[in-house]
Amino acid sequence: MRIDVISIFPDYLAPLELSLTGKAMAAGLLDVGIHDLRDWTTDRHRTVDDTPYGGGAGMVMKPEPWAQTLSHVAGLADPAERAGLTGGTDLAERAGLTEGTDLAEGTDLARSSDGTQATTASATDAAAEAGEKPVLIVPSPAGAPFTQADARRLAVRSHLVFACGRYEGIDQRVIDWAGGDFDVELVSIGDYVLNGGEVAALVIIEAVARLIPGFMGNPESLVEESYEDGLLEYPVYTKPADWRGHPVPDVLLSGNHAAIARWRRDQRLIRTQRTRPDLLAGLPDEALDTRDRQALTEAAREVEPGGPGG
Ligand code: 6GU
């Protein structure tokens, strides 16, 4: 999988070199390019924002640097050329001037021997061969909630591009324009406001990358996880069996595998009922059997013995 991230704070994406995503890059499962949006501006001040039409607080990200960077990472021709507006534009000149510099090519976190541009083009070629557009993910508090189902869906795509906006957001025409060459998705990671899309991109990349086949050391640990089947995980314990007077639940020391499996399922049901009743309510009827419902009823009775005031 190829991932390109566009940001005015490329240093924010440095953690991708660490941990599992770093290992996936080293193993060749993942190829990441980080691009500084300002490298695709043409004015002396490298301006990426301007005041909003219609008035109001804050600044809006200008469309042209985005179109330039997106065209670059998708291996498309200069957008001005495509619109038939060529003839020695500043941008074409600028591209010539900066040719061969690392920054213009984006920082290749994998530090592979082949150039980032070539890698980008080949990833996009792979996407095109599969009859697929690259996915353009625009992190935004106005986006659709990002879920495990989205992570699974994105994990089988060959090229993801993240457009990390700052300020009040990116000129809407970029989103509309990109729809021709990308599958565009506005995505939110929760009901709170961040200063920009970078941290959200890190969250989404980690959720997606760990689902790439061959990425996890132990693929079985993916199976029983929270959200994969709509229930939260059961609590876990390790040695010692008694820690500061807190014993491990007896059943886990019993060696009775059926009893352990039942206890774990009950714990998942009870946890989900207590902290995420919305997840439980969203499950299809057949997801819970009679024994499951019994466990939930018993747990509810334990919380409220005899009901309120009883
Ligand atoms: Cl994806 N971006 C920003 N800026 N804020 C958010 C968010 C994304 N998701 C929740 N809040």
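Residues numbered from 1 in each chain as written. Predicted model: local features only at pLDDT ≥ 70, side-chain atom pairs only at ≥ 80, totals over all residues. Heavy atoms only, no water.

### Describing the confidence of the model for the chain
Caution applies to low-pLDDT regions: their predicted coordinates should not be interpreted in detail.
In step 1: Scored by pLDDT, the chain has a mean of 85; 79% of the residues are at 70 or more.
In step 2: Across residues 86-105, where pLDDT falls below 50, the model places 25 contacts with residues more than four positions away in sequence or in other chains.
In step 3: Confidence over residues 110-121 falls short of pLDDT 50; this stretch has 23 contacts with residues more than four positions distant or in other chains. (pLDDT = per-residue confidence, 0-100. Contact = heavy atoms within 4.5 Å.)

### Focus: the pattern of salt bridges
In step 1: Counted under the stated rule, the structure contains 15 salt bridges.
In step 2: With a closest N to O distance of 2.6 Å, aspartate 171 and arginine 173 form a salt bridge.
In step 3: Between arginine 265 and aspartate 292 there is a salt bridge, and its shortest N-O distance comes to 3.0 Å. In this pair, arginine 265 is assigned in helix H11 (residues 257-275) and aspartate 292 in helix H13 (residues 290-303), connecting sequence segments 27 residues apart.
In step 4: Counted as one network, the salt bridges with shared partners bring together Arg262, Arg265, Asp266, Arg291 and Asp292. (Salt bridge = Lys/Arg side-chain N within 4 Å of Asp/Glu carboxyl O. Helix = DSSP H or I, 4+ residues; strand = E, 2+ residues; numbered from the N terminus.)

### Looking at a nonpolar patch on the surface
In step 1: Among the surface-exposed residues, Phe9, Tyr12, Tyr192, Leu194, Val199 and Val203 lie close enough to one another that they form a single nonpolar patch of about 500 Å² accessible area.
In step 2: Tracing the sequence through the fold places leucine 194 in the loop between strand E8 (183-188) and helix H9 (198-209). (Patch = residues over 30% accessible without salt bridge, like charges linked within 9 Å, V, L, I, M, F, W, Y side chains within 5 Å. Areas by Shrake-Rupley, 256 points an atom, 1.4 Å probe, with all protein chains shown as cover.)

### Considerations on the site of the ligand
In step 1: The immediate surroundings of the ligand are formed by Pro139, Ser140, Pro141, Val187, Ser188, Ile189, Gly190, Tyr192, Leu194, Gly196 and Ala200.
In step 2: Between isoleucine 189 and the ligand, the recorded distance is 3.0 Å, taken from a backbone N or O atom to a nitrogen atom.
In step 3: Between the ligand and tyrosine 192 there is a distance of 2.5 Å, counted from a nitrogen atom to a backbone nitrogen or oxygen.
In step 4: Protein coverage of the free-state accessible area of the ligand, which is 290 Å², stands at 96%.
In step 5: Every element with two or more residues in the shell around the ligand is listed here: strand E6 (135-145) and E8.
In step 6: The greatest single-element share of the shell around the ligand, amounting to three residues, is contributed by E6.
In step 7: Its residues placed into classes, the shell around the ligand shows seven nonpolar, four polar and no charged. (Near = heavy atom within 4 Å. Polar contact = N/O pair within 3.5 Å; in protein donor to acceptor, adjacent residues only side chain to side chain. Nonpolar A, V, L, I, M, F, W, Y, C, P; charged D, E, K, R; others polar.)

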